[in-house]
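Chain residues, written in single-letter form:
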Amino acid sequence: MSQNPETPENPVGAASPVVIQVEGVHKTFGDLHVLKGCDLTVRSGEVAVLVGPSGSGKSTLLRCINQLEEPTAGRVLVDGVVQGYRAEPLPDGRWQKLRPVEIAAQRSRIGMVFQRFHLFPHLTALANVMEAPVQVRGLPRAAAEAKARELLERVGLGDRADHYPSELSGGQQQRVAIARALAMDPELMLFDEPTSALDPELVSEVLGVLKDLAADGMTMVVVTHEMGFAREVADRVVFMDEGRILESGTAEQVIDHPRSERLKGFLASVL
Amino acid sequence: MTTTHAPDEGFTPIRAKAAPRPGTWISAVIVAALALGLIWFLVTNPVLEWGTVTTYLLDVKVVQGVGWTLLLTVLSMILGTVVALTAAIMRRSENPVLRGVSWAYIFVFRGIPVYTQLVFWGLFTVIVPKIVIGVPFGPELLSFSTRDLLTAFWAAVIGLGLNEGAYLAEIIRSGLNSVDRGQTEASKALGMSNGTILRRIIVPQAMRVIVPPLGNETIGMLKTTSLVLAVPFTLDLTFATNGIANKLFTPIPLLIVAALWYLAITSVLMVGQHYLERYFGRGFDARTPARAGGGGGRGGRSRQAAVNSAGTTPQDPLPEVEL
């Protein structure tokens, strides 16, 4: 498995290992060509922010990383391991798909936070956070509970542990969702427009948690429209349009000195 | 009556008088008159023989019949639910064989009258006298006569249960489909296996949608058990009251006995359904109390109230009923 490509722009430093490597990924839904050959490398501790107009393929690219979507062509490697397929092709050139259990094991190392939270409504905040460690990792309930309380404390919701999601505000729900993802000790976190479904006054409490995570060195890929957040936290800003990555670089390069007309037009509409 | 608020709140509530609705009042009077007339007819009509009704309401045969009817209802609903859950899950499978078999089961067992099915199960021992377990085309390992295994009671349970399963399969399938796709995605993203997702996430949420029609079906089943004489199984409530009626040549009071018992059992089932709905509605229905624990187990009247109380007030003043 080729694992260590040279990336010209590497804000974190060449020393840190590559965590996510997206190679020539295409995705089609029927006649719709959503991703048209995307390459992306994210190194350990790096925060990559995907921006672009809606329908540009940001979320699809994100979902390809943890196999919620299957790439039509190309491949995704996490920690150098091909996602969804055996490492080597079969003698006839086809790729052997992994079994569902193996895919689940690969996913369990990647945390994901959704636009619409998707908390389990029949479980309390605490039980939401405990669920995967107990059911997937087989952690004893007591240990899982201690850990879940600690994580809820970390996202500022220690006193909301026994509330059901329906009793929490959107910002609180999203913070529980982040705690739920962190409970699996993920190596990287994917955020799919984590603040888009929130009332404006609740956005900052969620972005605050994201900033803390970034400061703790978590590897993150964030799809967002929050340009202020991108400028402040992103090691790299990636601009996507019509299924392609058009520009990639530091916030200063991409947001302040856009090269393409597309990006200039996009920035004019969101800033 | 409105209670006036303390003056320091700065407003006086509107003292409203309801708008006149003569049409409603007139229809209410007519309906009340008809209802009273019906009750008068029931009480005074000599053919109903209320004396006989009270005599036989607690007759040993009748009470035993109630027991058998309950047993039939419960066992066939359990069988039906298990079969239905299996069929519903098979129906969601990617494998066309599993989907096809599930579809065929529903098609056949929903399409044939339950009476016909019960007669069939009664005759099963004639159609299949012996069940043999062994190597196909090879030696027999075990064989037993179906006549010893399949008594009339179990034939009735299987007949009712398999028929019910076909209906419940559709109910359970729609319940499973009612759970938001995002729930599955979030579970997958956490690395849960399909089995875990179904068992821990999808089914508990689907139950909220499934329980009300399941309650309906259970009440329906209670009454369908009166058909088991087709098997023939002859100990249930309807058969017992019919037997007494035939002996006494007084069919009407014993029909009332049966009717009263069916109503009584239905009432009990409705209470059970209420509690099941409340249990599976937890987290969805804001009236359900939060789990007792650190939060002190409080509930709110509405989502907004819950949010407000979660953010500000330490105790909700509303008293709550623990399950």
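In this report, we go over the structure that sits alongside the text. (Residues numbered from 1 in each chain as written. Chains lettered and ligands numbered in written order. Predicted model: local features only at pLDDT ≥ 70, side-chain atom pairs only at ≥ 80, totals over all residues. Heavy atoms only, no water.)

Regarding the overall build of chain A
Scanning chain A from terminus to terminus reveals nine helices and ten strands. What you see for chain A is a C-alpha radius of gyration of 19 Å, in line with the 18 Å of a compact globule of 271 residues. Overall, the C-alpha framework of chain A stretches about 50 × 50 × 40 Å when taken along its three principal axes. For chain A, buried positions account for 56% of its 271 residues. A fraction of 66% describes how many contacts in chain A between residues 6 or more apart in sequence connect residues 24 or more apart. Seen as two clouds, the 28 positive and the 37 negative side-chain charges of chain A have centres 5 Å apart. (Helix = DSSP H or I, 4+ residues; strand = E, 2+ residues; numbered from the N terminus. Rg over C-alpha atoms; globule rule 2.2 N^0.38 Å. Buried < 20%, exposed > 50% of the residue type's maximum accessible area, 1.4 Å probe, protein only. Contact = heavy atoms within 4.5 Å. Lys, Arg positive; Asp, Glu negative; His and termini not counted. Charge placed at Lys NZ, Arg CZ, Asp CG, Glu CD.)

Focus: a nonpolar patch on the surface
Residue and element names in this part refer to chain B. A grouping of Leu 36, Leu 38, Ile 39, Phe 41, Leu 42, Val 43, Trp 50, Leu 260 and Leu 263 is seen on the molecular surface, where their side chains present a nonpolar patch of about 880 Å² in accessible area. Of all the secondary structure elements, the ones that give two or more residues to the nonpolar patch are helix 1 (22–44) and helix 12 (251–280). When residues of the nonpolar patch are assigned to their parent elements, the largest contribution, six residues, is made by helix 1. For Leu 263, the location among the structural elements is in helix 12. (Patch = residues over 30% accessible without salt bridge, like charges linked within 9 Å, V, L, I, M, F, W, Y side chains within 5 Å. Areas by Shrake-Rupley, 256 points an atom, 1.4 Å probe, with all protein chains shown as cover. Salt bridge = Lys/Arg side-chain N within 4 Å of Asp/Glu carboxyl O.)

Re the pairing of strand 2 (residues 140–145) of chain B
Taken residue by residue, a regular strand's side chains alternate between the two faces of the sheet. All names here are of chain B. As paired strands, strand 1 (residues 130–134) and strand 2 are joined by five bridges and run antiparallel to one another. In the sheet register, Val 132 faces strand 2, and the bridge partner there is Ser 143. Joining the antiparallel neighbours strand 1 and strand 2 is a turn of five residues, in which Phe 137 adopts a positive phi near 60°. (Pairing = 2+ DSSP bridges.)

Section: the pattern of salt bridges
All names here are of chain A. If you walk through the whole model with that rule in mind, you get 25 salt bridges over all chains. Glu 242 serves as the salt-bridge partner of Arg 262, at 3.4 Å between the closest nitrogen and oxygen. Of this pair, Arg 262 sits in helix 9 (residues 261–270) while Glu 242 sits in the loop between strand 9 (236–241) and strand 10 (244–249), placing them 20 residues apart in sequence. Exposure remark for Arg 262: the relative accessible area of 47% places this residue in the partly exposed category. In this structure Glu 242 comes out as partly exposed when scored by relative accessible area, which is 43%. As a salt-bridge pair, Lys 264 and Glu 261 come within 3.6 Å of each other at their nearest N and O atoms. Remark: Glu 261 and Lys 264 occur in helix 9; sequence separation between them is three residues, near one turn of the helix. When its relative accessible area of 37% is taken as the criterion, Lys 264 is described as partly exposed. Looking at Glu 261, the relative accessible area reads 60%, which means it is exposed.

Section: the nonpolar core
With 77 residues, the main nonpolar core has Ile 20, Val 22, Leu 61, Leu 188 and Leu 190 of chain A together with Tyr 105 of chain B as its most contacted residues. Among the elements that make up this core, the one with the highest residue count is helix 8 (residues 152–178) of chain B (twelve residues). Here Val 22 of chain A is in contact with Cys 38, Asp 39, Leu 40, Leu 61, Ile 65, Arg 75 and Val 76 of chain A, once residues within four sequence places are set aside. Among the nonpolar cores identified, the runner-up in size contains 53 residues, and Ala 148, Ala 183, Leu 207 and Val 222 of chain A belong to it. (Core = buried A, V, L, I, M, F, W, Y, C linked by side-chain atoms within 4.5 Å.)

Thoughts on the sheet that holds strand 5 (residues 81–82) of chain A
Taking strand neighbours across the sheet as the criterion, the four strands line up as 2-1-4-5 (chain A) in an open arrangement whose pairing is antiparallel. What marks the edges here is a single partner per strand, and that holds for strand 2 (32–43) and strand 5 of chain A.

Remarks on the pairing of strand 1 (residues 18–29) of chain A
Residue and element names in this part refer to chain A. Note: strand 1 against strand 2, nine bridges, orientation antiparallel. Along strand 2, the bridge assignment pairs His 26 with Lys 36. Between strand 1 and strand 2, which pair antiparallel one after the other, the connecting turn spans two residues, and Gly 30 there sits at a positive phi close to 60°. Note: strand 1 against strand 4 (residues 73–78), five bridges, orientation antiparallel. Within strand 4, the residue paired with His 26 across the bridge is Ala 73.

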